[in-house]
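So the chains spell out like this:
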Amino acid sequence: MKKKEISRNKLLGIAGTGWMFDAMDVGILSFVIAALAVEWNLTSTEMGWIGSVNSIGMAIGAFGFGLLADRIGRKQVFMMTLVLFSVASGLSALTTTLWAFLALRFLVGAGLGGELPVASTLVSESVSAKERGRVVVLLESFWAAGWLIAALIAYFIIPEFGWRIALIITALPAFYAIYIRRNLPDSKKFEEQEKTSQTTGQKLKQLLAPTFRKRTIMLWIVWFAVVFSYYGMFLWLPSVMVIKGFSLIKSFGYVLLMTLAQLPGYFSAAWLIERIGRKFVLATYLFGTALSALAFGNAETLTTLMVAGAFLSFFNLGAWGALYAYSPEQYPTAIRATGSGVAAAVGRVGGIFGPLLVGSLLTAGYGFGVVFGIFCAAIMVGVLAVIFLGTETKQTELT
C-alpha cells in the first residue's frame, strides 16, 4: 500500500512539474504582451494576435500530438512537447520584430497544446478509479503554481531586467525532459493494450460513431467555451489593468494577487469531484466563472476589480481541473489521447478568437462590460452542454 502511494505521488509530482512549466510559459505571455505593447507600440489588434497565434499552435499541437500519443506512447510525446515549447520560448527572447515573435509563439503553442491532454491522459490511466478525478484535478493545480511563478517573474524581472530575460528563464524547463526520461514510466494501459492497425482517419471517425457522438459533441462545446473565454480574459488581465489606469508594475502586482485565488479553486474542485461527481463540479464552477466574468467586466473600483478577479480565478481554474479529469474518461484506451487531444484542439480554436475579439472590440470603442458579457454568455452555453449532454463518470473503471 505504501509503495503504491509513493508511486502515485511521484507520478503526480513529475507530470505536475511539467504542467507547471507549461502554465509558467502561458502565464508569462500575458505579462510580456503588456510590456511589448509599450516597447513596440503595439495596437490592441496586434496584441490580440500574439495570444491568438499561440492558440493556433496549441490547436495544431493538441490535435497532432494527441494522435501521436496513441501511436507511440504518452511518455515520449510528453517529453517532445516539453522540449519544443521550452526551446521556442527561449528563442523568442531574441526576436526584434513582431512577425518573428509570432512565428516562435506558434511553435511554443504547439508544444503547450500537445503536452496538456497527453499528460492528463497519462495520469488518468495510471491511478485507480476511486481517486482518478481527484488526482487529475491536483495535476491541474500545478497550473496555478506555474502562473504564480510567471507573475513573480513578471513582477521582479520584467520591470528591472526586461521581458527578454523573463523569456530566457522559460527555456530552462527543456532540461527537465532528461529527468522525465529517466524517472517517468509510460501508461501501463497503453503498453498492455492490444495493438491495432487503426488509421488516423478511423480513430477520428470513431469519435463521432453512435457510441461516442454525444459525449464528443459535449466535450467540443465545453472545451470551445472554456478556452475561448479563458484566453480572452486571462491573457488580457495585466493589459486590462493598465488600460484602466494602473501602472505596469502595479498591474502585475494586482494580477499576482488575483492569481493566488486559483489554488483554493483547484483544491476545492479536487475535494468535491469524487464526492459529488464530475458533472456537478464542472457545471457549478463554470456558472461561477460566468457570473465572475460579468462582475469583472463591469467593475469600476479597485476593490470590485480585485474581488471579481479573485472569484474569476477561483471558479475558472477549478472548472479547468474538472474538465481535464472528465475528458479522458469519455473514451477507451485506444482513442483516449486522440479524443482528448481533438477536444482540446477544438477548444484552442476558441482560444484563437478570444484574444482577437478583445482587441477588435476595444479598438472599435466597446467597453469591458460588453467584452466580458460575451465571455459570460459563451460559458453559459458550456454549462448547458454539460447538464444536458454530459454523462457522469465518477469512479468508473477505464477500459
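Residues numbered from 1 in each chain as written. Predicted model: local features only at pLDDT ≥ 70, side-chain atom pairs only at ≥ 80, totals over all residues. Heavy atoms only, no water.

- The name given to the protein chain in an unreviewed UniProt entry is MFS transporter, and the organism recorded there is Sporosarcina ureae.
- What the UniProt record of the protein chain gives under Subcellular location (unreviewed entry) is the line "Cell membrane". (UniProt positions renumbered as here; feature names shortened; annotations may be inferred.)

1. What about the overall build of the protein chain?
Turning to step 1, where the next piece is worked out: When helices and strands are counted, the protein chain shows 18 helices and zero strands.
Turning to step 2, where the next piece is worked out: Overall, the protein chain is about 60 × 45 × 45 Å in size when its C-alpha atoms are taken along their principal axes.
Turning to step 3, where the next piece is worked out: Out of the 399 residues in the protein chain, the part that is buried amounts to 60%.
Turning to step 4, where the next piece is worked out: At a minimum sequence separation of 6, the contacts of the protein chain that also span at least 24 residues come to 86%. (Helix = DSSP H or I, 4+ residues; strand = E, 2+ residues; numbered from the N terminus. Buried < 20%, exposed > 50% of the residue type's maximum accessible area, 1.4 Å probe, protein only. Contact = heavy atoms within 4.5 Å.)

2. Focus: the packing of helix α14 (residues 262–273) against helix α15 (residues 278–297)
Turning to step 1, where the next piece is worked out: Contact pair α14 / α15: the axes reach a minimum separation of 9 Å and the direction vectors enclose 150°. Taken together, the axes of α14 and α15 are roughly antiparallel relative to one another. α15 is crossed by α14, and the crossing has right-handed handedness. The segment α14 lies against α15, with G265, S268, A269, L272 and I273 engaging R278, V281 and Y285. (Axes fitted to C-alpha atoms, helices over the stretch in contact; angles between N-to-C directions. Parallel < 35°, antiparallel > 145°, perpendicular 65-115°, else oblique. Left-handed = near helix turned anticlockwise from the far one by under 90°.)

3. Side note on unusual backbone geometry
Turning to step 1, where the next piece is worked out: For N41, which is not glycine, the phi dihedral falls at a positive 55°.
Turning to step 2, where the next piece is worked out: By the secondary structure assignment, N41 is in the loop between α1 (2–39) and α2 (44–72).
Turning to step 3, where the next piece is worked out: Owing to a relative accessible area of 64%, N41 belongs among the exposed residues under this scheme.

4. Things to note about the environment of K244
Turning to step 1, where the next piece is worked out: Along the chain, K244 falls in the loop between α12 (237–243) and α13 (248–259).
Turning to step 2, where the next piece is worked out: Taking the C-alpha atoms as reference points, K244 and F368, 124 residues apart in sequence, are found 9.9 Å from one another.
Turning to step 3, where the next piece is worked out: Leaving out residues up to four positions away in the same chain, K244 has contacts with A299, L305 and F368.

5. Overview of helix α18 (residues 368–389)
Turning to step 1, where the next piece is worked out: The end-to-end C-alpha distance of α18, which contains 22 residues, comes to 31 Å, matching closely the 32 Å that a straight helix rising 1.5 Å per residue would cover.
Turning to step 2, where the next piece is worked out: Buried positions along α18 lie against α11 (213–234), α12, α15 and α17 (333–363). (Expected span 1.5 Å × (residues − 1).)

6. Let's talk about the pattern of salt bridges
Turning to step 1, where the next piece is worked out: Using the criterion set out here, one finds eight salt bridges in the structure.
Turning to step 2, where the next piece is worked out: Across the salt bridge formed by E125 and R336, the nearest N and O atoms sit 2.8 Å from each other. Pair noted here: E125 is in the loop between α4 (98–124) and α5 (132–156) and R336 is in helix α17, with a separation of 211 residues, a long-range link. An identical accessibility class is assigned to E125 and R336; each is buried.
Turning to step 3, where the next piece is worked out: We note a salt bridge from R134 to E131, for which the minimum N-O separation is 3.4 Å.
Turning to step 4, where the next piece is worked out: In this structure R134 comes out as partly exposed when scored by relative accessible area, which is 28%. (Salt bridge = Lys/Arg side-chain N within 4 Å of Asp/Glu carboxyl O.)

7. Section: the confidence of the model for the protein chain
Turning to step 1, where the next piece is worked out: When the pLDDT values of the protein chain are averaged, the result is 87; 97% of them are 70 or greater.
Turning to step 2, where the next piece is worked out: Taken together, the stretch residues 1–6 has pLDDT below 50 and engages in one contact with residues farther than four places along the chain or on a different chain. (pLDDT = per-residue confidence, 0-100.)

8. Thoughts on the environment of G351
Turning to step 1, where the next piece is worked out: Its location among the elements puts G351 in helix α17.
Turning to step 2, where the next piece is worked out: Overall, the relative accessible area of 0% leaves G351 in the buried class.
Turning to step 3, where the next piece is worked out: Taking the C-alpha atoms as reference points, G351 and S55, 296 residues apart in sequence, are found 5.2 Å from one another.

9. Section: the side chain of R348
Turning to step 1, where the next piece is worked out: Tracing the backbone shows R348 in helix α17.
Turning to step 2, where the next piece is worked out: This buried residue, R348, is left without a salt bridge; D22 holds the nearest opposite charge, at 7.0 Å.
Turning to step 3, where the next piece is worked out: Among the polar contacts listed, one links the side chain of R348 to the side chain of Y231, at a separation of 3.2 Å.
Turning to step 4, where the next piece is worked out: Look past the residues within four positions of R348 in its chain and what remains in contact with it is S55, M58, A59, L116, W223, V227, Y231, W320 and Y324. (Lys, Arg positive; Asp, Glu negative; His and termini not counted. Polar contact = N/O pair within 3.5 Å; in protein donor to acceptor, adjacent residues only side chain to side chain.)

10. Here's the deal with the nonpolar core
Turning to step 1, where the next piece is worked out: Counting 132 residues, the largest nonpolar core has I50, F101, W143, V222, W223, L282 and L286 as the members making the most contacts within it.
Turning to step 2, where the next piece is worked out: Counting residues per element, this core draws most heavily on α1, at 19 residues.
Turning to step 3, where the next piece is worked out: Residue contacts for V222: discarding those within four places in its chain leaves L282, L286, L323, G382, A385 and V386.
Turning to step 4, where the next piece is worked out: Counting residues in hydrophobic clusters, the runner-up holds five residues, among them A69, V77, V118 and A337. (Core = buried A, V, L, I, M, F, W, Y, C linked by side-chain atoms within 4.5 Å.)

11. A closer look at the side chain of S55
Turning to step 1, where the next piece is worked out: Looking at the element boundaries, S55 is found in helix α2.
Turning to step 2, where the next piece is worked out: Given the relative accessible area of 0%, S55 is considered buried.
Turning to step 3, where the next piece is worked out: Apart from the residues within four sequence positions on either side, S55 is in contact with Y231, R348, G351 and I352.

12. Some points on a nonpolar patch on the surface
Turning to step 1, where the next piece is worked out: Side chains of V83, V87, L91 and L94 sit close together on the surface and give an oily, nonpolar patch of about 330 Å² of accessible area.
Turning to step 2, where the next piece is worked out: Along the chain, V87 turns up in helix α3 (residues 74–92).
Turning to step 3, where the next piece is worked out: The partly exposed category is assigned to V87, whose relative accessible area is 41%. (Patch = residues over 30% accessible without salt bridge, like charges linked within 9 Å, V, L, I, M, F, W, Y side chains within 5 Å. Areas by Shrake-Rupley, 256 points an atom, 1.4 Å probe, with all protein chains shown as cover.)

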